[in-house]
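Coordinate inspection notes
Okay, here's what each chain looks like letter by letter:
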Amino acid sequence: MQDKFDFKYELLHVCRQSGARRGRLHTPHGVIETPCYMPVGTQATVKAMLPRDVKEVGSMIILSNTYHLFERPGHELIKEAGGLHEFMRWDKPILTDSGGFQVFSLASANKIKEDGVEFRSLLDGRKHFFTPELVMEIEEALGADIAMAFDECAPYPSDREYTIAAMERTHRWVVRCKKAHTRPDQALFGIVQGGMFADLRIESAKFLASLDLPGYGIGGLSVGEPKEMMYDMLEQMMPYMPANKPRYLMGVGSPDCLVEGAVRGIDMFDCVLQTRIARNGLALTGSGKKMLRNASFEHDFTPIEEGCDCYTCTHYSRAYVDHALRAREFNGFTLATIHNEHFFVKLLDDIRASIDGGYFDEFRDETLARFYANGSRG
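None of these values were measured; they are calculated from a predicted model. Each chain has its residues counted from 1, running along the sequence as written. Only residues with pLDDT of 70 or above have their local features reported here, since the model is predicted, and side-chain atom pairs are shown and tallied only from 80 upward, although totals for entire chains, interfaces and linings are computed over all residues. As a convention, hydrogens and water are excluded, and side-chain values are obtained from all of the structure's heavy atoms.

1. A look at the overall build of the protein
Runs of H or I in DSSP of at least four residues are treated as helices and runs of E of at least two as strands, each being numbered from the N terminus. Across its full length, the protein carries 15 helices and 16 strands. For this measure, only C-alpha atoms enter the radius of gyration; the expected value for a globule follows 2.2 Å times N^0.38, where N is the number of residues. Here the C-alpha atoms of the protein give a radius of gyration of 20 Å, agreeing with the 21 Å that 2.2 N^0.38 yields for 378 residues. Once the C-alpha set of the protein is aligned to its principal axes, its extents read approximately 60 × 50 × 45 Å. Residues classed as buried in the protein amount to 58% of the 378 residues present. Residue contacts follow a heavy-atom distance rule, with two residues in contact if any of their heavy atoms lie within 4.5 Å. Taking contacts inside the protein between residues at least 6 apart in sequence as the whole, the part at least 24 apart equals 66%. When the accessible surface of the protein is totalled, it reaches about 15800 Å², and 51% of it is carbon and sulfur. In the protein, the 44 positive side-chain charges and the 53 negative ones have mean positions that sit 2 Å from each other. Relative accessibility decides the category of a residue: with a 1.4 Å probe and only protein chains considered, values under 20% of the type maximum give buried, values over 50% give exposed, and everything between is partly exposed. To measure how exposed things are, a 1.4 Å probe is used in the Shrake-Rupley method; for residues, cover is taken only from the protein chains shown. For the purpose of charge, His is not counted, nor are the chain termini; Lys and Arg are scored as positive and Asp and Glu as negative. Note that the charge is assigned to NZ on lysines, CZ on arginines, CG on aspartates and CD on glutamates.

Now the structure itself:
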């Protein structure tokens, strides 16, 4: 039996003008300074990076995917290996999502029932049935520091009737997750739903808060709606989110959304954007996006971003990264990914420093203005 752990969240500072928060979350594998960005290691690996690389860019926590690890290699094998930390050789905190988003994204192949969701594997077509209890069994076997409850993510757009049904089912399922969850060294986070209806978001936030869980995710946003709508939903629900618990905006990770999310009191972010666009040769910098597979870089021996202290920028030129990407060499993907992950970790470092220093509002305005100076968005 694992020892009980006190998942203490310290709220260190709140900006007077905005809702930006500075906090600290204690987990069995280390302290997470918030707000923070979590690189995504879907299948127990951050694509194109070794754990050493992820540590060197300054990441404090990574996210892995329950659904994909259930499919391959299987949670029982990972449990046999000593849990996800040991299996992937990562000794810092890990968060596992519930797999709900992946299961419900298979809309044409799933059947939603009160007990759970029936769906077919994308790997071999086998039929599976995910219940809140099974998801808790899988996540406990994986052994991450933070486990997300099983929820139903309503797609965008969805009508009010369906959104209410999905939200209420999510509420019933989180109660079942809480009952089934037994690991005292693992924090269970609930997930606020409610689609694009502010009153439903508030209702969901109130219900989740009544369960007094260690933390709360916000799901069903950044699913195709305009960003202004997402920001409005956050502003509407945030007064009803417990101030003494971490708030995690799920699947949101563009630079503007991280800054604007922090303005609205978000503590944790994750996204696959950083690794995905790197493999396509796109780098993110303080002045916007740069396509690295670019003929103009052939004789450019400057770094991807002047002043960046990531491994890529301190060791390699644009010309080399352009060459490696065009040649489809693996180190091209790695070097581009290292830069993007470092950029986002550093952005959150700077957000925390600006909150600590009392100049967050100025930092927000200057950062967004610089990033969008060349028309780059998202």
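We are not done yet, so read on.
2. Quick word on the pairing of strand β8 (residues 117-120)
By the bridge criterion, three bridges tie strand β7 (residues 110-112) to β8 in an arrangement that is antiparallel. Along β8, the bridge assignment pairs Ile-112 with Val-117. Between β7 and β8, which follow one another and run antiparallel, lie four residues. If you look at the hairpin formed by β8 and strand β9 (residues 127-130), you'll find six residues sitting between the two strands, and Gly-125 has a positive phi there, around 80 degrees. When DSSP finds at least two bridges between two strands, those strands are taken to pair.

3. Brief notes about the nonpolar core
To form a nonpolar core, buried Ala, Val, Leu, Ile, Met, Phe, Trp, Tyr and Cys residues must be joined to one another through side-chain atoms within 4.5 Å. Ranked by size, the top nonpolar core spans 74 residues in total, and within it Ile-218, Leu-221, Leu-234, Ile-351 and Phe-360 carry the most contacts. When residues in this core are grouped by element, the largest group, eight residues, is from helix α14 (residues 330-357). Excluding anything up to four places from it in sequence, Leu-234 contacts Ile-218, Leu-221, Leu-249, Arg-264 and Ile-266. Judged by nonpolar contacts, the second largest core, of 19 residues, contains Val-40, Met-60, Leu-63 and Ala-187.

4. Details of the layout of surface pockets
Points on a 1 Å grid, built from protein atoms alone, make a cavity when a 1.4 Å probe fits but cannot get out and make a pocket when they are open with protein on both sides within 12 Å along at least 5 of 7 lines; residues with an atom within 4 Å of a point are the lining residues. Grid points are joined across faces, edges and corners, and a volume is the space filled by probe spheres set on the points. Taken as a whole, the largest pocket spans an internal volume of roughly 800 Å³. Lining the largest pocket we find 32 residues, and of these Phe-101, Gln-102, Gly-251, Asp-270 and Val-272 sit closest to its centre. Per-element tally for the lining of the largest pocket: the top contributor is helix α11 (residues 273-279), with four residues. Partitioning the lining of the largest pocket into residue classes produces twelve nonpolar, 14 polar and six charged. Roughly 340 Å³ of volume is contained in the second largest pocket. In the scheme used here, Gly and all other residues not listed as nonpolar or charged are polar, with Ala, Val, Leu, Ile, Met, Phe, Trp, Tyr, Cys and Pro taken as nonpolar and Asp, Glu, Lys and Arg as charged.

5. Observations regarding empty space enclosed by the protein
Going through the model one piece at a time under the given rule, you end up with one cavity of 30 Å³ or more. Reported here for the largest cavity is a volume of approximately 40 Å³. Lining the largest cavity are Cys-36, Tyr-37, Gly-58, Ser-59, Met-60, Val-345, Leu-348, Asp-349 and Arg-352. Ranked by residue count, the leading element in the lining of the largest cavity is α14, at four residues. The residue inventory of the lining of the largest cavity, partitioned by class, reads five nonpolar, two polar and two charged.

6. Concerning the sheet that holds strand β3 (residues 30-34)
Within a sheet, adjacent strands bond to each other through the backbone by hydrogen bonds, running parallel or antiparallel. The strand order across the open sheet formed by three strands is β1-β2-β3, and the pairing between neighbours is antiparallel. Two strands in the sheet have a free side with no partner beyond their single neighbour: β1 (9-14) and β3. Mean inter-strand twist for the sheet, computed between neighbouring axes without regard to direction, equals 15 degrees. As judged from the five bridges shared by β1 and strand β2 (residues 21-27), these two strands associate in the antiparallel manner. In the sheet register, Tyr-9 faces β2, and the bridge partner there is Leu-25. Axis definition: a line fitted to C-alpha atoms, over the contacting stretch in the case of helices. Angles run 0 to 180 degrees between N-to-C directions. Relative to the sheet, α14 contacts β1, β2 and β3, its axis offset from that of β2 by approximately 120 degrees.

7. Looking at unusual backbone geometry
The amide bond that connects Thr-34 to the next residue, Pro-35, takes the cis arrangement and shows omega of 5 degrees. Note on placement: Pro-35 falls in the loop between β3 and β4 (36-39). The backbone of Ala-44 sits at a positive phi, close to 65 degrees, despite the residue not being glycine. Structurally, Ala-44 can be placed in the loop between β4 and α1 (51-56). By relative accessible area, which is 13% here, Ala-44 ends up buried. The backbone phi angle of Arg-89 is positive, close to 60 degrees, even though this residue is not glycine. With a relative accessible area of 57%, Arg-89 lands in the exposed category.

8. Concerning the sheet that holds strand β12 (residues 215-218)
Taken together, the eight strands give an open sheet; going across it, the order is β4-β14-β13-β12-β11-β10-β6-β5, and neighbouring strands pair in parallel fashion. With one partner strand each, in any of the chains shown, β4 and β5 (62-64) form the two edges of the open sheet. Strand-to-strand twist of the sheet, defined as the mean angle between neighbouring strand axes without regard to direction, takes the value 25 degrees. Note: β5 against strand β6 (residues 94-96), three bridges, orientation parallel. Residue Ser-64 lies in a different strand from β6, and its bridge partner there is Thr-96.

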